[in-house]
There are 2 protein chains.
Amino acid sequence: MAKEITPRSENYSQWYNDIVVKADLAEQSAVRGCMVIKPYGYAIWEKMQHILDGMFKETGVQNAYFPLFIPKSFFSREAEHVAGFAKECAVVTHHRLMNDPDGKGVVVDPEARLEEELIVRPTSETIIWSVYKNWVKSWRDLPVLCNQWCNVVRWEMRTRPFLRTSEFLWQEGHTAHASAEEAQERAEMMVHVYAKFARETMSLPVIVGHKSPNERFAGALDTLTIEAMMQDGKALQAGTSHFLGQNFGKSFDVQFADRDGSLQYAWATSWGVSTRLMGALIMAHSDDNGLILPPALAPIQVVMVPIYKTPEELAAVLEKFEAVKKELAARGISVRIDARDTVRPGFKFAEWEVKGVPVRLAMGARDLAAGSIEVSRRDTLEKASMPIGDVVAHIVDLLPQIQQNIYKKAIDFRAANVEKCDSWDEFKEKIQTGKFLLCHWDGTPETEQAIKDATKATIRCIPVDSFVCEEEGRDIYSGKPSHRRVVFAIAY
Amino acid sequence: MAKEITPRSENYSQWYNDIVVKADLAEQSAVRGCMVIKPYGYAIWEKMQHILDGMFKETGVQNAYFPLFIPKSFFSREAEHVAGFAKECAVVTHHRLMNDPDGKGVVVDPEARLEEELIVRPTSETIIWSVYKNWVKSWRDLPVLCNQWCNVVRWEMRTRPFLRTSEFLWQEGHTAHASAEEAQERAEMMVHVYAKFARETMSLPVIVGHKSPNERFAGALDTLTIEAMMQDGKALQAGTSHFLGQNFGKSFDVQFADRDGSLQYAWATSWGVSTRLMGALIMAHSDDNGLILPPALAPIQVVMVPIYKTPEELAAVLEKFEAVKKELAARGISVRIDARDTVRPGFKFAEWEVKGVPVRLAMGARDLAAGSIEVSRRDTLEKASMPIGDVVAHIVDLLPQIQQNIYKKAIDFRAANVEKCDSWDEFKEKIQTGKFLLCHWDGTPETEQAIKDATKATIRCIPVDSFVCEEEGRDIYSGKPSHRRVVFAIAY
């Protein structure tokens, strides 16, 4: 297996695409903008789903499933939402094909035109709130805490695997509450669930904060976000949680009888993460040799490669491997013994390196004689030989160390690339070199827009749990008074 | 909670719909033919998914994800497949909405017409085999064993929740093999996985067999099926597994270099079960009081209802409940304590009965004094009082007993309603009373069609593991020679 991964220094964007393909994560399909998630990539996504799903359920959330299609008229009901979401989307207009009367193949049956067009969901607030109308009559019915794992479609002109695709997989949580306070608490709770997941499971440092009004979700009163730094210094929005006020409650007439008997509109939140997290995972940690996976998300945590000349040597090594595998599996560690006889050990080493398997064990006839085994770490590329009797205990310790080391590397990288900046000239220059800049902002959409027009940089968030900087100052662009610094960066 | 479930004897079809609604499983949405799967229904589906997914993976299957959309031209490639699948489906023709120039709301942007229409997948053989072309070059790349959990759309004029909906959820496995034998073995393996799941997890007796050519999947050389009997004696096809020969390999040019260097087309299988299993589960086991769930699929296996007059009584009962819950949870049993103070115990009893919770525990002040607890079984409606110290051990034994008893009830019901039949006059009468009839068939599509036209009955399968009856005889309709009996029934 030739590695053929473009180095980051040469072409960061191509490096990313190369890893997606070489690590067998995803590929383009015949349908423009829609990707195929290959088994190895999907196994990582499944781990993400499983862990997130458990975290959601611990907060009382239940899964449900709502229709793929949304009647076109629903998009017109919530004025801001329509502007933000009803534009680039897949429109179903017919429900039948027929044999082409002029020859072979099939054509759309013109008789089978739908009375009202259906939109393939780009997000499900409208259809879900049309359902919540049936569920919510009294304060006793609240809160409603639903999540769905599903596919959504937003027609995209320029796509990149995982980062921006026309169809993608995600979860969308939609909650209804009896009070604004409770809804706001839920929106905050969920962004912190995302942050915890990013930090602990993905080894991904994120900044939690509020979006500026310009960057809010269409129809939201407040959008909370987690923002991660990629290795090129650009920002990637990895998850968002929205406080939607009563906008959808009013648009879809979801009213409940409160404890005092009065009729109130329900308060809403929505929150989601998507297969975009896969893009963040790849971009944040990998190196020029390929993918680097935090053990918590690695479908294979330990791979074992036998080195042998004769069938007897192979059998002897495999016997040792099986014994180690059994002990590791008993400790919940996922192990693959790569006993393929169609490729050589060097090919296997390269393949598992590209695929980011955290730990590789290798053993040959000489190791066997010496009672030793070679242990290689993917994150540091360090190798060590050790007595085979020590290897299980070593790996049990090593996996969490790797998990933390990957996090620490990312934290250190970010620390080196976040700076305070108080000069507009400096800003214009530094922002292009891949930095997060902590700057004063006067709070107006106009200033934010002017900065974006001049530099492509946007306010990623107004931080709430790290990089919080409440202090008086002057806007980096307008010079007007400001009460806090916010995070500016160029974003994916 | 008024039960308001129509008795089976009065209107079987309405009984089914009532249970779907009253047990909070699903409801109709604003989109014709698309249902909302509510949290309680979805929790059952999640259990099904989890168990099936583990069974698939044990056989070496990996999950992946393929695009929702299929280019229209793909359907024309496999001649039989197009006839069977490309007709009633959702067609995407445009990719943008715009503000209505004549007023408020949105309209389809006529400028945004797709060059080629996209079909929302009714099943994914075509798009997946277009991808397998990239994956399969050599015999070393085979077998490919992929499955995806996803939504599919088949436009239906008449829909019923779970049984027939325009959008439904399912899994579809698609495998590619180097030989016909290996593909056939895989198709058989998967139908037996389905049968095992139906019998052991769903408590659902099924007949495994081959479909007659008339009833085969579009493009299949052989279709294997599991067929279940509902309480009205009708058959429900609960899962199918297809041997597709080289049809898709040839249509999508999936060729591999075999061990001998020759180029061969890959051999295909596909197999799927859907949310239709939810319909089978409901229809097979439930009674006039509501849903009956086998414990293996019950989201809540044990519910506890306190009976109390004073807050002190409630606190004392809840303390006992918490202790029992902890012990049950430690044994992997899912427990809900229903401490709601907004509804009375009788309401709770009815609600959990309708929802099919296998075991209910109740305890009041008198029980507390006596150290006893009341245990009720949903399947038999039996109640018993026992010392509270015995209840954990009792429930640990009881849950598998309930699982088996539900299976036995269904097996007994089926045994009473499967008959051999050798007279056409008898056939016409009996088939309408809800029977599976084991009859001789001459093997021709014409006879099968004539029987269907006369009675609506179809050949559900040619059995392979139960009700196998290889014997000489004469076709029930044509009188021509026959070598075996097959299963006739009227089907959902």
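Everything numeric here is computed off the predicted structure, so don't read it as measured data.

*Asks:* Which residues make up the interface of chain B and chain A, and what values do they have?
*Replies:* By convention, interface size is frequently given as the accessible area that disappears when the constituent parts associate. On the chain A side, the residues contacting the 65 residues of chain B number 65 residues. Taken together, the links from chain B to chain A amount to four salt bridges. The closest approach of N and O atoms between Arg96 of chain B and Glu88 of chain A, which form a salt bridge, is 2.5 Å. Connecting chain B to chain A are 36 residue pairs in polar contact (both at pLDDT 80 or more). In terms of residues, the side of chain B that touches chain A owes the most to one element, strand S5 (residues 88-99) of chain B, which gives twelve residues.

*Asks:* Account for the sheet that holds strand S17 (residues 335-337) of chain A, with residues named and values stated.
*Replies:* Residues and elements named next belong to chain A. Sheet architecture is open: five strands sit in the order S17-S16-S18-S19-S20, paired in mixed fashion. Only two strands of the sheet have a single neighbouring strand rather than two, namely S17 and strand S20 (383-387). Here the strands of the sheet are splayed against their neighbours by 25° on average, with no regard to which way each runs. Sheet analysis places strand S18 (residues 359-363) next to strand S19 (residues 372-377), joined by four bridges and oriented antiparallel. Among the inter-strand pairings, Leu361 is bridged to a residue of S19, identified as Val375. This element, helix H11 (residues 391-415), spans strand S16 (302-306), S18, S19 and S20 of the sheet and lies at about 10° to S19.

*Asks:* Tell me about helix H8 (residues 311-330) of chain B, and please be specific about residues and values.
*Replies:* Residue and element names in this part refer to chain B. When the terminal C-alpha atoms of H8 are compared, their 28 Å separation across 20 residues agrees well with the 28 Å that a helix rising 1.5 Å per residue should span. Within H8, the full set of buried residues consists of Leu314, Val317, Phe321, Val324 and Leu328. On an axial view of H8, the arc spanned by its buried residues comes to 100°, and they lie on one face. For H8, the exposed residues set more than 90 degrees away from the buried face come down to Pro311, Glu312, Glu319, Lys326 and Ala330. Where H8 is buried, its residues meet strand S16 (302-306), strand S17 (335-337), strand S18 (359-363), helix H10 (365-370), strand S19 (372-377) and helix H11 (391-415). Residue Gly332 follows H8 closely and has a positive phi angle near 80°.

*Asks:* Describe in detail the relation of the copies chain B and chain A, supporting the description with residues and values.
*Replies:* Rotating chain B by 180° and translating it 0.0 Å along the rotation axis places it on chain A, where the RMSD comes to 0.0 Å. In the structure described here, the two chain copies are related by an operation that fits a two-fold rotation axis. Closest approach to the rotation axis among the C-alpha atoms of chain B is made by Val92 of chain B, whose C-alpha sits 2.1 Å away.

*Asks:* I'd like a description of the sheet that holds S16 of chain B, backed by residues and values.
*Replies:* Residues and elements named next belong to chain B. One open sheet holds the five strands; their spatial order is S17-S16-S18-S19-S20, and the pairing between them is mixed. Each edge of the open sheet carries a strand with a single partner, namely S17 and strand S20 (383-387). Going across the sheet, the axis of each strand differs from the next one's by a mean of 25°, ignoring polarity. In the sheet, S19 pairs with S20 via five bridges, with the strands oriented antiparallel. Pairing of Ile373 across the sheet is with Met386, part of S20. Where helix H9 (residues 345-354) meets the sheet, its contacts fall on S16, S17 and S18, and the angle it forms with S16 comes to roughly 170°. Seen against the sheet, H11 touches S16, S18, S19 and S20 and runs at an angle of roughly 10° to S19.

*Asks:* I'd like a description of the pairing of strand S24 (residues 470-474) of chain B, backed by residues and values.
*Replies:* All names here are of chain B. A small share of S24 lies buried, amounting to zero of its five residues. Relative to strand S25 (residues 481-489), S24 runs antiparallel, the two sharing three bridges. Paired with Gly473 across the two strands is Ser482, which belongs to S25.

*Asks:* If you had to explain the environment of Leu142 of chain A to someone new, which residues and values would you point to?
*Replies:* Residue and element names in this part refer to chain A. Tracing the chain through its elements places Leu142 in the loop between helix H4 (125-135) and strand S8 (144-153). For the pair Leu142 and Ser179, spaced 37 residues apart in sequence, the C-alpha to C-alpha distance is 9.7 Å. Beyond its immediate stretch of four places on either side in the chain, Leu142 contacts Val136, Ala176, His177, Ala178 and Phe256.

*Asks:* Outline the environment of Met283 of chain B, listing residues and values.
*Replies:* Residue and element names in this part refer to chain B. Looking at the secondary structure, you find Met283 in helix H7 (residues 276-285). Take Met283: its relative accessible area is 0%, and that puts it in the buried class. The sequence separation of Met283 and Gln432 amounts to 149 residues, and the corresponding C-alpha distance is 18 Å. What Met283 contacts, discounting residues up to four positions off in sequence, is Tyr12, Trp15, Tyr16, Arg160, Leu163, Met230, Gln231 and Tyr492.

*Asks:* Kindly report on the packing of helix H1 (residues 12-22) of chain A against helix H7 (residues 276-285) of chain A, identifying the contributing residues and their values.
*Replies:* Residues and elements named next belong to chain A. It is at 10 Å that the axes of H1 and H7 come closest, and there the two elements cross at 115°. The two elements H1 and H7 meet at a crossing, and its hand is right-handed. Here Tyr12, Trp15, Tyr16, Ile19 and Val20 of H1 lie close against H7, whose contacting residues are Gly279, Ile282 and Met283. Across the contact of H1 with H7, the residue classes tally to seven nonpolar, one polar and no charged.

*Asks:* Go over unusual backbone geometry, please, and point to the residues and values.
*Replies:* Residues and elements named next belong to chain A. Following Leu142, the chain continues to Pro143 via a peptide bond in cis, the omega torsion being -5°. Here Pro143 shows up in the loop between H4 and S8. Look at Ser203: it is not a glycine, yet its phi comes out positive at around 55°. Among the structural elements, Ser203 can be located in the loop between helix H5 (180-201) and strand S10 (206-210). Classification of Ser203 as buried rests on a relative accessible area of 1%.

*Asks:* Break down the nonpolar core for me, citing the residues and quoting the values.
*Replies:* Among the nonpolar cores identified, the biggest contains 87 residues, and Phe69, Trp129 and Tyr132 of chain A together with Phe69, Trp129 and Tyr132 of chain B are the most heavily contacted of them. Not counting chain neighbours up to four residues away, the residues in contact with Trp129 of chain A comprise Thr175, Ala176, Phe248, Gly249, Phe252, Val254, Ala266, Trp267 and Ala268 of chain A.

*Asks:* Give me the pattern of salt bridges: which residues, what numbers.
*Replies:* Tallied over the entire structure, the rule returns 64 salt bridges over all chains. With its nearest N and O atoms 3.0 Å apart, the salt bridge here joins Lys133 of chain B to Asp253 of chain B. Residue Lys133 of chain B is located in helix H4 (residues 125-135), and its partner Asp253 of chain B is located in the loop between helix H6 (247-251) and strand S13 (255-257); the two are separated by 120 residues in the primary sequence. A relative accessible area of 34% means that Lys133 of chain B is categorised as partly exposed. For the salt bridge of Arg164 of chain B with Glu156 of chain B, the shortest nitrogen-to-oxygen distance reads 3.7 Å. We classify Glu156 of chain B as partly exposed; its relative accessible area is 23%. Sharing partners across several salt bridges, the network here consists of Asp24, Glu27, Lys38, Asp338, Arg340, Lys348, Glu351 and Lys355 of chain A.

*Asks:* Now, about the environment of Trp424 of chain B: what can you tell me, with residues and values included?
*Replies:* Residue and element names in this part refer to chain B. Summarising the element assignment, Trp424 is placed in helix H12 (residues 424-430). Separated by 52 residues in sequence, Trp424 and Ile476 have C-alpha atoms that sit 5.6 Å apart. In this view, Trp424 contacts Ile451, Ala454, Thr455, Ile476 and Tyr477; residues no more than four positions away in its chain are not counted.

*Asks:* So, a negative patch on the surface: which residues are in play, and what are the values?
*Replies:* Together, Glu181, Glu182, Glu185 and Glu188 of chain A give the surface a local cluster of negative charge. Among the secondary structure elements, Glu181 of chain A is positioned in helix H5.

*Asks:* Tell me about the packing of aromatic side chains, residues and numbers included.
*Replies:* Tallied over the full model, the rule gives 31 aromatic pairs over all chains. On the basis of an interplanar angle of 80° and a centroid distance of 6.4 Å, the ring pair of Phe66 of chain A and Tyr132 of chain A is categorised as edge-to-face. Pair noted here: Phe66 of chain A is in the loop between strand S3 (62-63) and strand S4 (69-71) and Tyr132 of chain A is in helix H4, with a separation of 66 residues, a long-range link. Judged by its relative accessible area of 0%, Tyr132 of chain A is buried. One aromatic cluster is present, built from ring pairs that chain together Trp45, Phe56, Trp149, Tyr194 and Trp271 of chain A. The lysine or arginine in question, Lys355 of chain B, covers the ring of Tyr40 of chain B, its NZ or CZ lying 4.9 Å from the ring centre.

*Asks:* Any chance you could break down the packing of helix H2 (residues 39-58) of chain A against H7 of chain A for me, citing the residues and the numbers?
*Replies:* Residues and elements named next belong to chain A. Closest axis-to-axis distance for the H2/H7 pair is 10 Å, and the angle between their directions is 110°. The orientation of H2 with respect to H7, classified from their angle, is roughly perpendicular. Along this stretch, H2 crosses H7, giving a crossing that reads as right-handed. Together, Gly41, Ile44, Trp45, Met48 and Leu52 of H2 and Leu277, Met278 and Leu281 of H7 make up the contact between the two elements. Residues belonging to the contact of H2 with H7 are distributed by class as follows: seven nonpolar, one polar and no charged.

Rules behind the numbers
- Residues numbered from 1 in each chain as written.
- Chains lettered and ligands numbered in written order.
- Predicted model: local features only at pLDDT ≥ 70, side-chain atom pairs only at ≥ 80, totals over all residues.
- Heavy atoms only, no water.
- Contact = heavy atoms within 4.5 Å.
- Salt bridge = Lys/Arg side-chain N within 4 Å of Asp/Glu carboxyl O.
- Polar contact = N/O pair within 3.5 Å; in protein donor to acceptor, adjacent residues only side chain to side chain.
- Helix = DSSP H or I, 4+ residues; strand = E, 2+ residues; numbered from the N terminus.
- Pairing = 2+ DSSP bridges.
- Axes fitted to C-alpha atoms, helices over the stretch in contact; angles between N-to-C directions.
- Expected span 1.5 Å × (residues − 1).
- Buried < 20%, exposed > 50% of the residue type's maximum accessible area, 1.4 Å probe, protein only.
- Arc of directions from axis to C-beta.
- Least-squares fit on C-alpha atoms with pLDDT ≥ 70 in both.
- Left-handed = near helix turned anticlockwise from the far one by under 90°.
- Nonpolar A, V, L, I, M, F, W, Y, C, P; charged D, E, K, R; others polar.
- Core = buried A, V, L, I, M, F, W, Y, C linked by side-chain atoms within 4.5 Å.
- Patch = residues over 30% accessible without salt bridge, like charges linked within 9 Å, V, L, I, M, F, W, Y side chains within 5 Å.
- Areas by Shrake-Rupley, 256 points an atom, 1.4 Å probe, with all protein chains shown as cover.
- Lys, Arg positive; Asp, Glu negative; His and termini not counted.
- Charge placed at Lys NZ, Arg CZ, Asp CG, Glu CD.
- Phe/Tyr/Trp six-rings, centres within 6.5 Å; stacked < 30°, edge-to-face > 60°.
- Lys NZ or Arg CZ within 6 Å of the ring centre and 35° of its normal.
- Parallel < 35°, antiparallel > 145°, perpendicular 65-115°, else oblique.

Nothing here speaks to function; it is geometry throughout.
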